[in-house]
Amino acid sequence: MNLKNIKTINCNLFSYLFKNIGDLFILMKDLKILFIGDIFAQVGRNLVVKNLTSLIDIHNVDFVVANGENVTHGRSLSLWHYQTLQNAGINVFTMGNHTFFLKEAISLVQEKKNIIRPANYSKLAPGRGSFVFNLKNYQIRITNLLGQTFMPQHVENPFLLLDEIVQKDESDFHFVDFHAEVTAEKIALAWAFDGKITGLLGTHTHVPTSDARLLPKGTFFVSDLGMTGPYDSIIGAKPEPIIHARRTNLPFRLIPATGRGQFCAMVLTLDVKTKKVKTYQQIYQIFA
Ligand code: FE2
């Protein structure tokens, strides 16, 4: 072997190593996930379409999860709105008590693997309650659960169901959207699974809470992300019909409010070495 050949081999080895070290750096880089709270009706959809791209750029977001159970006029998710929001940058949709309010949602959750409906619905319900997604060669599990207290539907016990999911889970990161009314129920589920899941993020009340924290064994928790929807509203709806119904005890029809919007979300930085949440940043922004 002459000197020229040795040089060529060294050069090839260097470029091979350099490429793989580069790949290694990409693999070892922290991941960033953006969780968006309940997107409510037209105001919420418009907020996402207009602002998600810049939020992704500002925070270097790799993956976007959003609660989509209020997307279509406050109840459920239509195919058209699913496509609009997916095109805007949402990777995974979690759902809630309004999942099947629209009939078309039945086929939608069956066909689209990135729509996760509550796992504690009946085992005969269409769709998936938990699913693993690939992100830069890391496995991210997203689970959706409904609470039992003050919720309109009877569902299986979320504690026992999450036990079953966790026992079989082999993902790198596991996040649970717990769609529930009562803060104590959300806090209890988070503490019960501290160290067993990466994070539990509450949705459904549409009111952002200021209790985001890491629990003692490292699980991230927030009681509620809040709503991405109409700011001048009663949890998304026009105030007048609700106030009238409260005064008279008569039934009312929910009308999505218009006008100013609020964007509620959480940015999580994931440490790929410890497989835990490293930092978190709450977003609560009002748009005229
Ligand atoms: Fe809900």
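Structure first, text after, so check above.
These notes cover the structure that comes with them.

Rules used in this analysis
- Residues numbered from 1 in each chain as written.
- Predicted model: local features only at pLDDT ≥ 70, side-chain atom pairs only at ≥ 80, totals over all residues.
- Helix = DSSP H or I, 4+ residues; strand = E, 2+ residues; numbered from the N terminus.
- Buried ≥ 20, exposed ≤ 12 C-beta atoms within 10 Å, placed from the backbone.
- Axes fitted to C-alpha atoms, helices over the stretch in contact; angles between N-to-C directions.
- Parallel < 35°, antiparallel > 145°, perpendicular 65-115°, else oblique.
- Left-handed = near helix turned anticlockwise from the far one by under 90°.
- Contact = placed C-beta atoms within 7 Å.
- Nonpolar A, V, L, I, M, F, W, Y, C, P; charged D, E, K, R; others polar.
- Pairing = 2+ DSSP bridges.
- Core = buried A, V, L, I, M, F, W, Y, C linked by C-beta atoms within 7 Å.
- Right-handed = clockwise from strand over helix to strand, strands pointing away.

### Here we look at the overall build of the protein
Next up, step 1: Each helix and strand in the protein was counted, giving seven helices and 13 strands.
Next up, step 2: Seen through its C-alpha atoms, the protein measures out along the principal axes to roughly 95 × 40 × 35 Å.
Next up, step 3: Within the span of the protein, comprising 288 residues, buried residues form 41% of the whole.

### Focus on the packing of helix α2 (residues 41-59) against helix α3 (residues 79-88)
Next up, step 1: Closest axis-to-axis distance for the α2/α3 pair is 9 Å, and the angle between their directions is 25°. Viewed along their axes, α2 and α3 adopt a mutual orientation that is roughly parallel. Of the two possible hands of crossing, α2 and α3 adopt the one that is left-handed. Contacts between α2 and α3 pair R45, V48, V49 and L52 from the former with H81, T84, L85 and A88 from the latter.
Next up, step 2: Classifying every residue of the contact of α2 with α3 by side-chain character gives five nonpolar, two polar and one charged.

### Considering the sheet that holds strand β10 (residues 220-222)
Next up, step 1: Pairing is mixed across the open sheet formed by six strands, whose spatial order is β5-β6-β7-β8-β10-β9. Edge strands, defined here as strands with exactly one partner in the open sheet, are β5 (130-135) and β9 (213-214).
Next up, step 2: Where β5 meets strand β6 (residues 138-146), six bridges bridge the pair, whose relative direction is antiparallel. The residue bridging F131 from the neighbouring strand is I142, located in β6.
Next up, step 3: Along the sheet face, helix α5 (residues 158-168) touches β5, β6 and β7 (173-179) and points at about 160° away from the line of β6.

### Looking at unusual backbone geometry
Next up, step 1: Despite not being glycine, N60 has its phi angle at roughly 55°, a positive value.
Next up, step 2: Relative to the assigned elements, N60 resides in the loop between α2 and β2 (63-67).
Next up, step 3: What makes N60 exposed here is the crowd of 12 C-beta atoms within 10 Å.
Next up, step 4: Positive phi values are uncommon outside glycine, yet H73 reaches one of about 55°.
Next up, step 5: Structurally, H73 can be placed in the loop between β2 and α3.

### Describing helix α7 (residues 239-248)
Next up, step 1: In terms of burial, α7 is largely open, as just zero of its 10 residues are buried.
Next up, step 2: Following α7 by one or two positions, N249 has its phi on the positive side, about 65°.

### Brief notes about the environment of T203
Next up, step 1: Mapped onto the elements of the fold, T203 is located in strand β8 (residues 199-203).
Next up, step 2: For T203, a count of 29 C-beta atoms within 10 Å corresponds to the buried category.
Next up, step 3: Remark: the alpha-carbon pair of T203 and I36, spanning 167 residues in sequence, is separated by 9.4 Å.

### Brief notes about the nonpolar core
Next up, step 1: Counting residues in each nonpolar core, the largest one holds 61 residues, and the members touching the most others are F35, F93, L200 and A265.
Next up, step 2: Top element by residues in this core is strand β12 (residues 261-271). It accounts for six residues.
Next up, step 3: Excluding its chain neighbours within four sequence positions, the residues that come into contact with F35 are V65, L201, L225, A265, M266 and L268.

### Describing the environment of L85
Next up, step 1: If you trace the backbone, L85 turns up in helix α3.
Next up, step 2: Residues L85 and V48, spaced 37 residues apart in sequence, show a C-alpha to C-alpha distance of 7.2 Å.
Next up, step 3: With sequence-adjacent residues up to four places away left out, L85 is seen in contact with R45, V48, G68, V71 and I90.

### Side note on the pairing of β7
Next up, step 1: Within β7, seven of the seven residues are buried, which leaves it mostly tucked inside the rest of the structure.
Next up, step 2: Along β7, one buried face is formed by F173, F175, D177 and H179 and the opposite face, lined by H174, V176 and F178, is buried too.
Next up, step 3: Note: β6 against β7, seven bridges, orientation parallel. By the bridge assignment for β7, T143 is matched with V176.
Next up, step 4: Once the chain exits β6 it traverses α5 before rejoining the sheet at β7, and the crossover so formed is right-handed.
Next up, step 5: The pairing of β7 with β8 spans five bridges and is parallel.

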